[in-house]
Amino acid sequence: MLLQLTHIRLLVSNYKDCFLFYRDALGFMIDWGDENSGYAELHTGDYIKLALFRKELMAEAVPSAYQPSGIECHNKVALVFAVDNVDELYYHLKDHNAIIVTQPLDRPEWGLRTAHVRDPDGNLIEIFSNMSNAN
């Protein structure tokens, strides 16, 4: 049996703000859904979709016995995006009220320049460019 990853689905509490963040601040085109639909698929290329789904709607499909506890914990996932210019996107996101985690930083040990932000639901996002391309 071959498994093919088709979607990364973020289960979010603040659906509308997350939708607007990914559409307006990060500039994703929308393949399906809108700010009021409770579910949306964002165009990320030819193979994998990034989807946003209201937590409450997913909870209806998954019995409560299988729900994780409400205890806050460390990050469980990070969305990682390659970009041409980390600094340019960082300041764009900052202007769109992204939650700043780390400012642009050269990481020679990784060969990357990175910055980290959170979406309106607290999901961690890393943007990076290769140091040879970093500005």
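If you look the chain up in an unreviewed UniProt entry, it shows as VOC family protein from Anabaena subtropica FACHB-260.

1. Looking at the confidence of the model for the chain
Detailed reading of predicted coordinates is not advised where the pLDDT is low. For the chain, the mean per-residue pLDDT works out to 86, and 85% of the residues sit at or above 70. Mean pLDDT across the secondary structure elements of the chain bottoms out at helix α2 (residues 55-61), with 76, and peaks at helix α1 (residues 15-25), with 96.

2. Notes on the environment of Gly122
Relative to the elements of secondary structure, Gly122 occurs in the loop between β7 (112-118) and β8 (124-130). Along the chain, Gly122 and Asn14 lie 108 residues apart, while their C-alpha atoms are 9.7 Å from each other.

3. Focus: the side chain of Asn123
Within the element layout of this structure, Asn123 appears in the loop between β7 and β8. Beyond its immediate chain neighbours, meaning those up to four positions away, Asn123 contacts Leu10, Val12, Tyr22, Val117 and Arg118.

4. As for α1
Taken residue by residue, α1 has Tyr15, Cys18, Phe19, Phe21, Tyr22 and Ala25 as its buried positions. Gly27 sits one or two residues past α1 and shows a positive phi near 80°.

5. A look at the sheet that holds strand β4 (residues 49-54)
With mixed pairing, the four strands of this open sheet are ordered in space as β1-β4-β3-β2. Each of the sheet's edge strands pairs with one partner strand only, and the pair in question is β1 (7-12) and β2 (29-32). For this sheet, the mean angle separating the axes of adjacent strands, direction not counted, is 30°. By the bridge criterion, three bridges tie β2 to strand β3 (residues 39-43) in an arrangement that is antiparallel. When the bridges of β3 are listed, Trp32 appears paired with Glu41.

6. Describing the pattern of salt bridges
The tally for this structure, following the rule as stated, stands at six salt bridges. Of the charged contacts in the structure, one is a salt bridge between Glu56 and Arg54, with a shortest N-O distance of 3.2 Å.

Basis of the calculations
- Residues numbered from 1 in each chain as written.
- Predicted model: local features only at pLDDT ≥ 70, side-chain atom pairs only at ≥ 80, totals over all residues.
- Heavy atoms only, no water.
- pLDDT = per-residue confidence, 0-100.
- Helix = DSSP H or I, 4+ residues; strand = E, 2+ residues; numbered from the N terminus.
- Contact = heavy atoms within 4.5 Å.
- Buried < 20%, exposed > 50% of the residue type's maximum accessible area, 1.4 Å probe, protein only.
- Pairing = 2+ DSSP bridges.
- Axes fitted to C-alpha atoms, helices over the stretch in contact; angles between N-to-C directions.
- Salt bridge = Lys/Arg side-chain N within 4 Å of Asp/Glu carboxyl O.

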